[in-house]
Amino acid sequence: MNTFLKNFGIILILVGVVVLGLYAMNPPTSNTPLAIAALLMVGGIAVHVILNRIID
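Here is what the cut-offs are and how they apply
Residues numbered from 1 in each chain as written. Predicted model: local features only at pLDDT ≥ 70, side-chain atom pairs only at ≥ 80, totals over all residues. Heavy atoms only, no water. Helix = DSSP H or I, 4+ residues; strand = E, 2+ residues; numbered from the N terminus. Rg over C-alpha atoms; globule rule 2.2 N^0.38 Å. Buried < 20%, exposed > 50% of the residue type's maximum accessible area, 1.4 Å probe, protein only. Contact = heavy atoms within 4.5 Å. Areas by Shrake-Rupley, 256 points an atom, 1.4 Å probe, with all protein chains shown as cover. Expected span 1.5 Å × (residues − 1). Phe/Tyr/Trp six-rings, centres within 6.5 Å; stacked < 30°, edge-to-face > 60°.

Chemist: What is the right way to look at the overall build of the chain in this model?
Modeler: Helix and strand counts for the chain stand at two helices and zero strands. Here the C-alpha atoms of the chain give a radius of gyration of 13 Å, more than 25% beyond the 10 Å that 2.2 N^0.38 yields for 56 residues. If you line up the chain on its principal axes, its C-alpha atoms span 45 × 15 × 10 Å. When burial is assessed residue by residue, the chain has 16% of its 56 residues classed as buried. Across the chain, the fraction of contacts at a sequence separation of at least 24, relative to all contacts at a separation of at least 6, is 67%. Roughly 4,100 Å² of accessible area belongs to the chain as shown, and the carbon and sulfur atoms make up 75% of that amount.

Below you can see the structure in the form of structure tokens.
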């Protein structure tokens, strides 16, 4: 469980990158995927830093 929690932030960042990749491949209709990807990446960085300080 600790291993999953230590990598949870990285997983969120990768999901954000996938959302950006899908946005780039399809014709953009709105900015919603950009906002979702930004929230996932910024949140992933924050979660990664916070959880690694708590777990270690």
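Following the structure, the description resumes.
Chemist: When you look at helix α2 (residues 32-55) in this model, what are you seeing that I'm missing?
Modeler: Residues that lie three or four places apart on an α-helix share one face, since the helix turns once every 3.6 residues. Taking 1.5 Å of rise per residue, the 24 residues of α2 would be expected to cover 34 Å, and the 33 Å separating its terminal C-alpha atoms lies within 8% of that figure. Contacts from the buried residues of α2 go to α1 (2-25).

Chemist: Just checking my understanding: could you explain the packing of aromatic side chains for this structure?
Modeler: How two aromatic rings sit relative to each other is set out by the distance from centre to centre and by the angle between their planes. Throughout the structure, instances matching the rule amount to one aromatic pair. A ring pair is formed by F4 and F8, whose centres lie 5.7 Å apart and whose planes are at 50°; its orientation type is tilted. Note that F4 and F8 are positioned in helix α1 at a spacing of four residues, about one turn of the helix. Judged by its relative accessible area of 44%, F4 is partly exposed.

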